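Structural description and commentary
Spelled out, the chains give:
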Amino acid sequence: MSESTTPAGLLIDRVSKDLAGRTIVDDMQLEVRAGELTCLLGPSGCGKTTTLRMVGGFLQPDAGAILIDGVDVSRLAPEKRPTAMVFQNYALWPHMSVFKNVSFGLRLRRLPRREIRDRVEQVLELVGLTHHMNSFPAQISGGEQQRVALARALVLEPKVLLLDEPLSNLDAKLRVRVREDIREIQQRVGITTVFVTHDQDEALSISDRIAVMSGGRVEQYADPTTLYREPATHFVASFVGAMNFYTGTVADGAVEIAGGVRVPCEGARRNGGAPVEIGVRPEDVMVSTAGDGAEAHVLREIPRGHYKELVMQLGEAEVRAFVGPEVSTSERQRVRFARAVVYAEGVLRPSTEPAPLR
Amino acid sequence: MVLPPVAVVAVFIGFPVGAAIAYTLGKTGGPNSTIALIAQRQHVAKHGVTFAAYREVLGNAHVRGDLWATVWVTLLTIAAVVVLSWAIGLYVRLSDTWIARTVSALSVIPLFIPVVIASYAILTFYAAQGFIKTLAYHVGWHSFPTLGYTMWAVVIGEVWVNVPFGVLMMSSGLNSVPNALIEAARDSGASLPQTIRAVLLPMNVIPTVIVATFTGIYVLGSFTVPYLTGPSAPNLMGVSMSQFFQSFNQPQQAEVMAMIVFVLAAGLGTIYVWANMRAAKRASQTS
């Protein structure tokens, strides 16, 4: 069957939602392929959790439709949908043991006792928690509680798994481990998954695709590499990763920024002299003590472990660069840009297309 | 540090209780000598103690009728208050409408109305010449029962007085259950009744036990509501005690009745303590 005729695992079709007189989700369009892990990434209030809650059935869309495997589920109650949610604070029932938490949905479906036990054991084995089957939620760690919540969702074999900032209550180290566990389990089970987070690092490391949201709309929906290397809008560029922004003009082989500073830039093509927004990732800022780069003064040097961050004055602007810890720095540096992205009116201008003259 | 409160409790509660218990067992001397001088039908222990006063009171068919009425009204009131508190608490917890908020506000109003006023209000509503009966008469229902001065009026009055406390307790308990726990149950496939049974009910056992036991203890010791709205006989033990003490001048018998009510209340108190200890034990096991 061709890809065009296969229904999407999840289709959010022109969905809108107002809450308390404010538009939270605005004509949103998103397609998640079957078996894919998509992250909804954005700042607080961008509508990502509202979107997830609409998919889960906890909110009804004001307009548009939500389709799972081609079936419209927009008006179904949560208990009737083929979805399962992992909540931000785990939402484990404190008066039930791990076994009872995980088996709750199966018991509601009146499955034979033997089958319930087998399925719970299987899913607890999947998340590595069979030894905690009889423990209560308060007797296990935060990471283990999160895995129980994941097991409770997976045991129902939903078509779509929804995760609402599931790692935000964990400490930094545990967060990295659990997110890798989640990704591994998701890939093993092959379940269509929507993962809400405001943590770009989390999104970049586990997603097949990321939808960056702002003001209730999807700014860009792309794979992590594309999203990082070619952010479609100024918002995405500033939200995902660090970026130096300058207003200036692009010439052949260089960019000219405020104060008339001309910085050599590989691949730059003249844009007709119109002022544009120029974005440069810190790792694309090349620093050396000699050469034809623009002169910059080092203001601060911030150790970041396996690399260091230099904050430099470049004419009237400031530039941040990530360099290896072994790179020796002096007060005066020469700066070049290995790569830059150009935005006209907040939208990425393809490198092959010159910006319009104003 | 602990001595002053212990001393206050010992002097103002412990000593009178001890003297009253001794009096019911026939000890008429010491702190009981003054009341013993004027009391009638006293049973005096010549050596040790005597249970004659208990035998007399429990052998009295009228008192047994009062005791039975007290137990009956208490159990019925507990059941009604628990059911109503749960119903209102659940409605307010699960419904975010102005009606729910209004119901929530109205349900606690009786807290601020003195019991004596409420009792007369109940009478004027349910008595033979009361509002309900008059209304029923006007619509042609001449056989509508008169509830005033019956045990039903007592139950209605006791429920009226105790429901606000019940609603406050249940609302507080139900509101402490995070939305996510309810949504997680719905997400797992539970209908609303299944969610209530599996999540809200077990997580609100303690507030329910508090409402039931406190209501029971209140009804066992109540006087104003049964005195004003209830029948002459049988009536609740509180009214009966008052009659034996004041009208019949039989304080020993009244104190025996108080001891019987105390034993019933202690039974309810034991359930409350047991539920709290169970909750504390579970909390210590899970933390």
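Residues numbered from 1 in each chain as written. Chains lettered and ligands numbered in written order. Predicted model: local features only at pLDDT ≥ 70, side-chain atom pairs only at ≥ 80, totals over all residues. Heavy atoms only, no water.

**A closer look at the confidence of the model for chain A**
Fine structural detail should not be taken from predicted coordinates in areas where pLDDT scores are low. Threshold: Within a predicted model, pLDDT stands for the predictor's per-residue confidence, ranging from 0 to 100. In this description, contact between two residues means that some pair of their heavy atoms is separated by no more than 4.5 Å.
For chain A, per-residue confidence averages 90 on the pLDDT scale, and residues scoring 70 or more make up 96% of the total. Here residues 352-358 of chain A is a poorly scored stretch, pLDDT under 50, and it has 15 contacts once near neighbours within four places are set aside; other chains count.

**With respect to unusual backbone geometry**
Put simply, the rule is: The secondary structure listing takes helices from DSSP runs of H or I that are at least 4 residues long and strands from runs of E that are at least 2 residues long, numbered from the N terminus. Note on exposure labels: buried denotes an accessible area under 20% of the residue type's maximum, exposed denotes more than 50%, and partly exposed covers the range between, all computed with a 1.4 Å probe on protein chains only.
Of note, the amide linkage connecting B:Ala233 to B:Pro234 takes the cis form, showing an omega dihedral of -5 degrees. Summarising the element assignment, B:Pro234 is placed in the loop between helix 12 (224-229) and helix 13 (237-247). Positive phi outside glycine occurs at A:Glu157, with the angle close to 50 degrees. Mapped onto the secondary structure, A:Glu157 falls in the loop between helix 4 (142-154) and strand 7 (160-164). Under the relative-accessibility criterion, A:Glu157 is labelled exposed at 60%.

**Observations concerning the sheet that holds strand 10 (residues 217-222) of chain A**
Residues and elements named next belong to chain A. The following threshold applies: A pair of strands is labelled paired if DSSP reports no fewer than 2 bridges between them. Note on method: axes are straight lines fitted to C-alpha atoms, helices fitted across the in-contact stretch only, with angles between N-to-C directions ranging 0 to 180 degrees.
Across the sheet, six strands lie side by side as 6-7-8-3-9-10; this open sheet has mixed pairing. One side of each edge strand has no neighbouring strand; the edge strands of this open sheet are strand 6 (83-86) and strand 10. Neighbouring strand axes in the sheet, compared pairwise and without regard to direction, differ in orientation by 20 degrees on average. Of the strand pairs in this sheet, strand 7 and strand 8 (residues 192-197) are connected by five bridges, and their pairing is parallel. Counterpart to Leu161 in the pairing with strand 8 is Thr193. Contacting strand 6 and strand 7, helix 4 crosses the sheet at an angle of about 175 degrees to strand 6.

**Thoughts on the interface of chain B and chain A**
Applicable threshold: Once two parts are joined, some of their accessible surface, as seen by a 1.4 Å probe, is lost; buried area is that loss totalled over both. Only one rule defines a salt bridge in this text: a Lys or Arg side-chain nitrogen within 4 Å of an Asp or Glu carboxyl oxygen. Counting of polar contacts relies on pairs of N or O atoms within 3.5 Å, with two restrictions inside protein: one atom must be capable of donating a hydrogen and the other of accepting it, and residues adjacent in sequence are counted only when both atoms are side-chain atoms.
At the interface, 19 residues of chain B touch 24 residues of chain A. Counting the surface lost from both chain B and chain A, the interface buries some 1900 Å², and carbon and sulfur atoms represent 61% of this. For the salt bridge of B:Glu183 with A:Arg53, the shortest nitrogen-to-oxygen distance reads 2.5 Å. Counting the contacts that link chain B with chain A gives six residue pairs in polar contact (both at pLDDT 80 or more).

**Quick notes on the sheet that holds strand 18 (residues 317-323) of chain A**
All names here are of chain A. Read from one edge to the other, the open sheet built from five strands follows the order 15-19-16-17-18, with strand pairing classed as antiparallel. Taken across any chain shown, the strands that pair with only one partner, and hence form the sheet edges, are strand 15 (285-288) and strand 18. Pairwise comparison of adjacent strand axes, ignoring direction, gives a mean angle of 45 degrees for this sheet. Sheet topology note: the strand 16 (residues 294-303)/strand 17 (residues 308-314) ladder contains six bridges and is antiparallel. Across the sheet, the residue bridging to Glu301 is Leu310, located in strand 17.

**Quick notes on the domain arrangement of chain B**
All names here are of chain B. Note the cut-off: As annotated, the domain borders come from an automatic or database domain assignment.
Looking at chain B, the domain boundaries give domain 1 (1-50) and domain 2 (62-286). Inter-centroid distance (C-alpha atoms) of domain 1 to domain 2 is 33 Å. Contacts between domain 1 and domain 2 engage 12 residues on the former and 10 residues on the latter. Here domain 1 packs against domain 2, burying approximately 940 Å² in sum over the two surfaces, 53% of which is carbon and sulfur.

**Regarding the environment of A:Phe87**
Relative to the assigned elements, A:Phe87 resides in the loop between strand 6 and helix 2 (98-108). With 78 residues separating them in the primary sequence, A:Phe87 and A:Glu165 have C-alpha atoms 7.3 Å apart. When sequence neighbours within four positions are dropped, the list of residues in contact with A:Phe87 reads A:Phe58, A:Gln146, A:Arg152, A:Asp164, A:Pro166, B:Ala180, B:Glu183 and B:Ala184.

**Brief notes about the packing of aromatic side chains**
Aromatic ring pairs: the centre-centre distance and the angle between the two ring planes describe each pair. Note the following rule: Within 6.5 Å between ring centres, the rings of Phe, Tyr and Trp (the latter by its six-membered ring) count as paired, and their orientation is classed by plane angle as stacked under 30 degrees, edge-to-face over 60, tilted in between. Note on geometry: a ring has a charge over it if NZ (lysine) or CZ (arginine) is within 6 Å of the ring centre and within 35 degrees of the ring normal.
Enumeration according to the criterion identifies 15 aromatic pairs over all chains in this entry. Here A:Phe245 and A:Tyr343 contribute two aromatic rings whose centre-to-centre distance is 6.4 Å and whose plane-to-plane angle is 55 degrees, an arrangement assigned as tilted. Of the two residues, A:Phe245 is situated in strand 11 (residues 244-251) and A:Tyr343 in strand 20 (residues 341-344); the sequence distance between them amounts to 98 residues. Among the aromatic side chains, those forming a connected cluster through ring pairs are B:Phe125, B:Tyr126 and B:Phe131. Over the ring of A:Phe99 we find A:Arg117; its NZ or CZ atom is 4.7 Å from the centre of that ring. Above the ring of A:Trp93, the side-chain terminus of A:Arg152 is found at 4.3 Å from the ring centroid.

**Topic: the pairing of strand 11 of chain A**
Residues and elements named next belong to chain A. Pairing between strand 11 and strand 14 (residues 276-280): five bridges, direction antiparallel. Following the sheet pairing, Asn244 is matched in strand 14 by Val280. Pairing analysis gives four bridges linking strand 11 to strand 12 (residues 254-257), with the strands arranged antiparallel. The residue bridging Ala251 from the neighbouring strand is Ala254, located in strand 12. Where strand 11 folds back onto strand 12 in an antiparallel hairpin, the turn is made up of two residues, including Gly253, whose phi is positive at roughly 80 degrees.

**As for the state of the cysteines**
For clarity, the threshold we go by: Note on disulfides: each one is a pair of cysteine sulfur atoms within 2.5 Å.
Counted according to the given criterion, the structure contains zero disulfides over all chains. Unpaired in this structure, A:Cys46 has its nearest cysteine sulfur neighbour in A:Cys39, at a distance of 12 Å.

**A look at helix 4 of chain A**
Since there are 3.6 residues in each turn of an α-helix, residues three or four apart along the chain are aligned in direction. Short version of the rule: Helices are assigned an expected span. That span is 1.5 Å times one less than the residue count.
Between its terminal C-alpha atoms helix 4 of chain A stretches 18 Å, which fits the 18 Å expected from 13 residues at 1.5 Å a residue. For helix 4 of chain A, the set of buried residues is A:Gly143, A:Glu144, A:Gln145, A:Gln146, A:Arg147, A:Val148, A:Ala149, A:Leu150, A:Ala151, A:Arg152, A:Ala153 and A:Leu154. Looking at the buried positions of helix 4 of chain A, the neighbouring elements they touch are strand 6, helix 2, helix 3 (113-126), strand 7 and helix 5 (172-189) of chain A together with helix 9 (179-187) of chain B.

**Side note on the nonpolar core**
What counts, and what does not: What we call a nonpolar core is a set of buried Ala, Val, Leu, Ile, Met, Phe, Trp, Tyr and Cys residues that are connected through their side-chain atoms within 4.5 Å.
Ranked by size, the top nonpolar core spans 62 residues in total, and within it A:Leu10, A:Leu40, A:Trp93, A:Phe104 and A:Val194 carry the most contacts. Contact partners of A:Leu40, with chain neighbours within four places excluded, come to A:Met28, A:Leu30, A:Lys48, A:Thr51, A:Val194, A:Phe195, A:Val196, A:Thr197, A:Ala211 and A:Met213.

**Description of the packing of helix 4 (residues 61-94) of chain B against helix 10 (residues 192-200) of chain B**
Residue and element names in this part refer to chain B. Put simply, the rule is: Angles are sorted into four bins: roughly parallel if under 35 degrees, roughly antiparallel if over 145, roughly perpendicular if 65 to 115, and oblique for all others. Ten residue types, Ala, Val, Leu, Ile, Met, Phe, Trp, Tyr, Cys and Pro, are classed as nonpolar, four, Asp, Glu, Lys and Arg, as charged, and the remainder, Gly among them, as polar.
Look at helix 4 against helix 10: their axes get within 13 Å of each other, and the N-to-C directions meet at 110 degrees. One finds that helix 4 runs roughly perpendicular with respect to helix 10. Along the contact surface, helix 4 presents Trp86, Leu90 and Leu94, while helix 10 presents Leu192, Ile196 and Leu200. When grouped by side-chain class, the residues that make up the contact of helix 4 with helix 10 number six nonpolar, no polar and no charged.

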